[in-house]
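# Fold and contact review
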Amino acid sequence: MVAMSDYGDLHNMVKRNKLTSILGPNAQKQNHHLRSNMIDSVLDQLHAHIKEDALEAVNLRGVFKEELFKLGLRQALGKDTESIYVAELGKSLSRSEIIVILMVDPMMGAIEVDWRDFFPYLRWVPNKAIEDKIEGMAYRRNAMTRALIEEQKKRIKWRENQLLP
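Rules used throughout
Residues numbered from 1 in each chain as written. Predicted model: local features only at pLDDT ≥ 70, side-chain atom pairs only at ≥ 80, totals over all residues. Heavy atoms only, no water. UniProt positions renumbered as here; feature names shortened; annotations may be inferred. Helix = DSSP H or I, 4+ residues; strand = E, 2+ residues; numbered from the N terminus. Expected span 1.5 Å × (residues − 1). Bend = angle between axes of the 7 residues up to and from the residue. Buried < 20%, exposed > 50% of the residue type's maximum accessible area, 1.4 Å probe, protein only. Core = buried A, V, L, I, M, F, W, Y, C linked by side-chain atoms within 4.5 Å. Contact = heavy atoms within 4.5 Å. Salt bridge = Lys/Arg side-chain N within 4 Å of Asp/Glu carboxyl O. Patch = residues over 30% accessible without salt bridge, like charges linked within 9 Å, V, L, I, M, F, W, Y side chains within 5 Å. Areas by Shrake-Rupley, 256 points an atom, 1.4 Å probe, with all protein chains shown as cover.

- What the UniProt record of the protein chain gives under Subcellular location (unreviewed entry) is the line "Membrane".

### Comments concerning helix α5 (residues 95-111)
- Across its 17 residues, α5 extends 24 Å between first and last C-alpha, which sits within 8% of the 24 Å expected from 1.5 Å per residue.
- If you look at α5, its biggest bend is around 40 degrees, right at Val-104, and the proline Pro-106 turns up within four residues after that.
- Listed in full, the buried residues belonging to α5 are Arg-95, Ile-98, Ile-99, Ile-101, Asp-105 and Pro-106.

### Regarding the nonpolar core
- Membership of the largest hydrophobic core comes to 13 residues, with the highest contact counts inside it found for Ile-84, Val-86, Leu-93, Ile-98, Met-144 and Leu-148.
- Apart from the residues within four sequence positions on either side, Leu-148 is in contact with Leu-73, Leu-77, Ile-84 and Leu-102.

### A short note on the side chain of His-49
- One can find His-49 in helix α3 (residues 32-52).
- The buried category is assigned to His-49, whose relative accessible area is 18%.
- In contact with His-49, not counting residues within four places along its chain, are Ala-54, Glu-56, Ala-57 and Val-58.

### Here we look at the pattern of salt bridges
- Counted according to the given criterion, the structure contains 12 salt bridges.
- The residue Glu-67 makes a salt bridge to Lys-70 at a minimum N-O spacing of 3.0 Å. With Glu-67 and Lys-70 both in helix α4 (residues 60-77) and three residues apart, the pair spans about one turn of that helix. Summarising the burial analysis for this pair, Glu-67 and Lys-70 share the class buried.
- For Asp-105, the salt bridge is made with Arg-140, and the minimal N-O distance between the two is 3.2 Å. Here the residue Asp-105 occupies a position in helix α5, and Arg-140 occupies one in helix α6 (residues 128-163), the gap between them amounting to 35 residues.
- Look at the salt bridges and you will find they share partners, linking Asp-114, Arg-116, Asp-117, Arg-123 and Glu-131 into a network.

### With respect to a nonpolar patch on the surface
- Judged by side-chain polarity, Val-113, Trp-115, Phe-118, Phe-119 and Tyr-121 come together as a nonpolar surface patch covering roughly 580 Å² of accessible area.
- Within the element layout of this structure, Phe-119 appears in the loop between α5 and α6.

Shown next as structure tokens:
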């Protein structure tokens, strides 16, 4: 959200929240066990790869992308999940599909080149292909975000029911 938001009140609020609740010293201490588990998982994957084929190159980007996303899910939802049902899309999405929708698609949309950017005086000419592509990405991201919010609401409700006598 910090990278994709316009500089202003929202940007400052999200940045401040990120710095205090994720990167701040108290958050670091509170989530130390999650980070330790992530490091152990990365090391296990690297050791397994070496045992399989010690001479083959390791795709560190894939390993860290997966592990950092799992860490983010644990911090956001309080649990790691292999898949989430997204009602608006009518199907369950795997973790790799969630990564594409929430991380890869927004970055690809941000670097998408529209020919109208080079000819501002032709801005009025529709470019349906790129508009549909960006709208589709936004729809999937919003649907995924709503599903994650519903998942969190369920978890909070379940937790409250567990605490009641």
